[in-house]
Amino acid sequence: MSEHLMQTYGRQPIAFTHGEGVWLYDENGDKYLDAVAGVAVVGLGHGHPVLAKALCEQASRVIHTSNLYRIPKQEELADRLCGLSGMDRVFFCNSGAEANEAAIKLARLHGHNKGIDNPAIVVMEKSFHGRTLATLSATGSRKVQAGFEPLVGGFVRVPFGDADAVAKLAEHHNNIVAVLVEPYQGEGGVQIPQADYLDRLRAICDGNGWLLMLDEVQTGIGRTGKWFAFQHSNCLPDVMSLAKGLGSGVPIGACLARGAAAEVFTPGKHGSTFGGNPFACTAALTTLSVMAAEDIPGNAASIGTFIRDTLKRELGQVPGVREVRGQGMIIGVELDRPCGELVKMALAEKLLINVTSDNVVRLIPPLVMNREEAALLTDKLAALIWAFLN
Ligand SMILES: *Cc1c(COP(=O)(O)O)cnc(C)c1O
């Protein structure tokens, strides 16, 4: 391994040369079943021919022109995302952290416009919002924050899934402007709140004039079996951030807003050199059209249910397995002990999985996975977890 990379990652000693669908091939030509999808990024799977063709064509025409000019693909993508979500306007950037930075800036500016000069944003324990200073300050993990103090201020933290705790804040704080929350926590160990959680947060925000801001960086773009996770509830957010699945691996992030929140940013208040360039927007537009044409969110719902049901059947009664949970194709298997070792064990069995929050196996496969591949995944994983616990 090169001595010239900063040591920010604990990498597995393997590199992949190419892929097809849910399969990745290493330098020896060995084939791996991918249940990570580049961390919930490649929903369409690897080597998708329609995406490859669209990107080649766009690359040979024009890749980047800057936001000094109109970008028709960016306009088309904004229209499509608003059509799918019910939001009104979009700001494009290049990552999840940047999409959340835009949301945080928007909320603060909204506060200042209302005369609140020390605006605060409610955030959750165990949340993950990114690695920039503002987003790591919003993140509910000491591991992410340690060593980077002083943190960015203006965040108030409550337990995830506890709407009453959010409601109580209104009694003691008069400077809250927004609630920032993941509909389902991903990095936090695939945490699924009560079904009415978002609706209750919506009501609290409406009652207090706060913005409801959803971090759908991981849960958006079909991952949970709907286009967006909030579509499992009965409400709309004021702000929503997207990234991971949006460009199928070509970096793109988006901050969407609705109603008054959509009018907060005015020229000069925010920007990005790369954000929403023709190449990245082509990746996102193609991702959305292939997903719509093949009802890939629907596939994520049914195959995700199959994976969960199968794992519950095979592991539900196994001592050491605490819970199998998830929504669509974000699935967690929580064990009663740290299980990072499972990643290596799976690799030896030609299976790619992820462990998050120390003791939760997280499955976030390509959304195009079929029944046969899902059965192979559950067979392999159940055997591995059984072997690990015994
Ligand atoms: C991955 C993730 C982010 C950060 O995205 P980056 O593209 O790595 O900056 C933010 N929020 C959530 C919920 C995520 O899962």
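Cut-off values and rules
Numbering of residues starts from 1 in every chain and runs along the sequence as written. Selection of residues for local features in this predicted model requires a pLDDT of at least 70, selection of side-chain atom pairs for listing and counting requires 80 or more, and totals for whole chains, interfaces and linings are taken over all residues. Just so you know, side-chain values use all the structure's heavy atoms and leave hydrogens and water out. UniProt positions are given in the numbering used here, feature names are shortened, and annotations may be inferred rather than shown by experiment. As used here, the term nonpolar core means buried Ala, Val, Leu, Ile, Met, Phe, Trp, Tyr and Cys residues forming a set that is joined through side-chain atoms within 4.5 Å. Per-residue accessibility, obtained with a 1.4 Å probe over protein chains only, is compared with the maximum for each type, and a residue is labelled buried under 20%, exposed over 50%, and partly exposed between these values. Those domain boundaries reflect an automatic or database domain assignment. Residues count as neighbours in contact if any of their non-hydrogen atoms are within 4.5 Å of one another. When DSSP finds two or more bridges between a pair of strands, those strands are recorded as paired. Where helices and strands are cited, they refer to DSSP runs of H or I of at least four residues and of E of at least two residues respectively, numbered from the N terminus. Only Phe, Tyr and Trp rings take part, Trp by its six-membered ring, and two of them pair if their centres are within 6.5 Å. Stacked means planes under 30 degrees apart, edge-to-face means over 60, and tilted covers everything else. Accessible area, probed at 1.4 Å, shrinks when two parts are joined; the buried area is that loss added up over both. We define a salt bridge as a contact between a side-chain nitrogen of Lys or Arg and a carboxyl oxygen of Asp or Glu at a distance within 4 Å. Here a polar contact is taken to be a pair of N or O atoms separated by no more than 3.5 Å, where protein atoms must pair a possible hydrogen donor with a possible acceptor and residues adjacent in sequence count only if both atoms sit in side chains. Method remark: on a 1 Å grid restricted to protein atoms, a set of points is classed as a cavity if a 1.4 Å probe fits but cannot get out and as a pocket if it is open with protein on both sides within 12 Å along at least five of seven lines; lining residues have an atom within 4 Å of a point. Grid points are joined across faces, edges and corners, and a volume is the space filled by probe spheres set on the points. When residue character is reported, Ala, Val, Leu, Ile, Met, Phe, Trp, Tyr, Cys and Pro are called nonpolar, Asp, Glu, Lys and Arg charged, and the others, Gly included, polar. Every axis corresponds to a line fitted to the C-alpha atoms, with the helix fit spanning only the stretch in contact, and the corresponding angles, defined between N-to-C directions, vary from 0 to 180 degrees. When an angle is under 35 degrees it counts as roughly parallel; over 145 it counts as roughly antiparallel; between 65 and 115 it counts as roughly perpendicular; any other value is oblique. When the near helix sits turned anticlockwise from the far one by under a right angle, the crossing is termed left-handed; a clockwise turn instead gives a right-handed crossing.

As recorded by an unreviewed UniProt entry, the protein chain carries the name Acetylornithine aminotransferase and is attributed to Parasulfuritortus cantonensis. Annotation of the protein chain in UniProt includes, under Sequence similarities (unreviewed entry), the sentence "Belongs to the class-III pyridoxal-phosphate-dependent aminotransferase family. ArgD subfamily." In UniProt, the protein chain has this text filed under Subunit (unreviewed entry): "Homodimer."

Undergrad: Is there a simple way to explain the nonpolar core in this structure?
TA: Nonpolar side chains tend toward joint burial in soluble globular proteins. With 87 residues, the main nonpolar core has L81, V181, I307, V361, L363 and I385 as its most contacted residues. Composition of this core by domain shows at least three residues from each of domain 1 (16-47 + 295-389) and domain 2 (51-293). Sequence-distant contacts of V361, defined by excluding residues within four places in its chain, comprise I331, G332, V333, C339, L342, I353, N354, V355, L381 and I385. Formed by 26 residues, the second largest nonpolar core is a distinct cluster that contains A102, I104, I121 and V239.

Undergrad: Looking at this structure, I do not really get the sheet that holds strand β13 (residues 351-352). What am I missing?
TA: Sheet strands associate in pairs through backbone hydrogen bonding, adopting either a parallel or an antiparallel arrangement. With mixed pairing, four strands are arranged side by side in an open sheet as β1-β2-β3-β13. In this open sheet, the two edge strands, each paired with only one partner strand, are β1 (16-20) and β13. Summarising the sheet, strand β2 (residues 23-26) and strand β3 (residues 31-34) pair through three bridges and their orientation is antiparallel. Within the sheet, the bridge partner assigned to Y25 lies in β3 and is K31.

Undergrad: Before we go on, may I ask you to explain the packing of aromatic side chains in this structure?
TA: Two aromatic rings are characterised by how far apart their centres lie and by the angle between their planes. In the structure shown here, the tally under the stated rule is three aromatic pairs. For the pair F16 and Y32, a centre-to-centre distance of 5.4 Å together with 75° between the ring planes defines the contact as edge-to-face. In this pair, F16 is assigned in strand β1 and Y32 in strand β3, connecting sequence segments 16 residues apart. With a relative accessible area of 5%, Y32 lands in the buried category. With centroids separated by 6.0 Å and ring planes inclined at 5°, the aromatic side chains of F228 and F230 adopt a geometry described as stacked. Each member of the pair F228 and F230 is classed as buried.

Undergrad: Just checking my understanding: could you explain the domain arrangement of the protein chain for this structure?
TA: Frequently, the measure chosen for interface size is the accessible area that the parts lose on association. When the domains of the protein chain are assigned, the result is domain 1 (16-47 + 295-389) and domain 2 (51-293). Spacing between the C-alpha centres of domain 1 and domain 2 amounts to 26 Å. The interface is formed by 29 residues belonging to domain 1 together with 27 residues belonging to domain 2. Interface area for domain 1 against domain 2, summed over the two sides, is near 2,200 Å², with a carbon-plus-sulfur share of 60%. Viewed at the interface, domain 2 and domain 1 are joined by one salt bridge. Its salt-bridge partner being R362, residue E187 comes within 2.7 Å of it at the nearest N-O pair. Between the two partners, domain 1 and domain 2, sit 14 residue pairs in polar contact (both at pLDDT 80 or more). Secondary structure elements with two or more residues in the side of domain 1 that touches domain 2: α1 (37-40), α10 (296-315), β11 (321-327), β12 (330-335) and β15 (360-363). Sort the elements by how many residues they give to the side of domain 1 that touches domain 2 and α10 lands first, with five residues.

Undergrad: Just checking my understanding: could you explain empty space enclosed by the protein for this structure?
TA: A probe matching the size of a water molecule, rolled over the atoms, marks out where space remains unfilled. One pass over the structure, following the stated rule, counts one cavity of 30 Å³ or more. As a volume, the largest cavity reaches approximately 40 Å³. Together, A40, V41, G43, G220, I221, R223, G245, M291 and L367 line the largest cavity. Residue composition of the lining of the largest cavity, by class: five nonpolar, three polar and one charged. When residues of the lining of the largest cavity are assigned to domains, at least three map to each of domain 1 (16-47 + 295-389) and domain 2 (51-293).

Undergrad: How should I be thinking about the sheet that holds β12 in this particular structure?
TA: With antiparallel pairing, the four strands of this open sheet are ordered in space as β11-β12-β15-β14. The open sheet has two free edges, formed respectively by β11 and β14 (354-356), since each of these has just one partner strand. The mean angle between the axes of side-by-side strands here comes to 25°, regardless of whether they run parallel or antiparallel. With six bridges joining them, β11 and β12 adopt antiparallel strand pairing. Within β12, the position partnered with G326 by the bridge is I331. Each of β11, β12 and β15 touches α10; the most contacted strand, β11, lies at about 170° to it.

Undergrad: What is the right way to look at the packing of α10 against helix α12 (residues 371-389) in this model?
TA: Packed helices, taken two at a time, are described by the angle their axes make and the gap between the axes. The interhelical angle for the contact between α10 and α12, taken along N-to-C directions, is 30°, at an axis separation of 10 Å. Classified by the angle between their axes, α10 and α12 sit roughly parallel to one another. In the packing of α10 onto α12, the handedness of the crossing is right-handed. Residue-level contacts link I303, F306, I307, T310, L311, E314 and L315 of α10 to R371, A374, A375, L377, T378, D379, L381, A382 and I385 of α12. Residue classes in the contact of α10 with α12 are distributed as 11 nonpolar, two polar and three charged.

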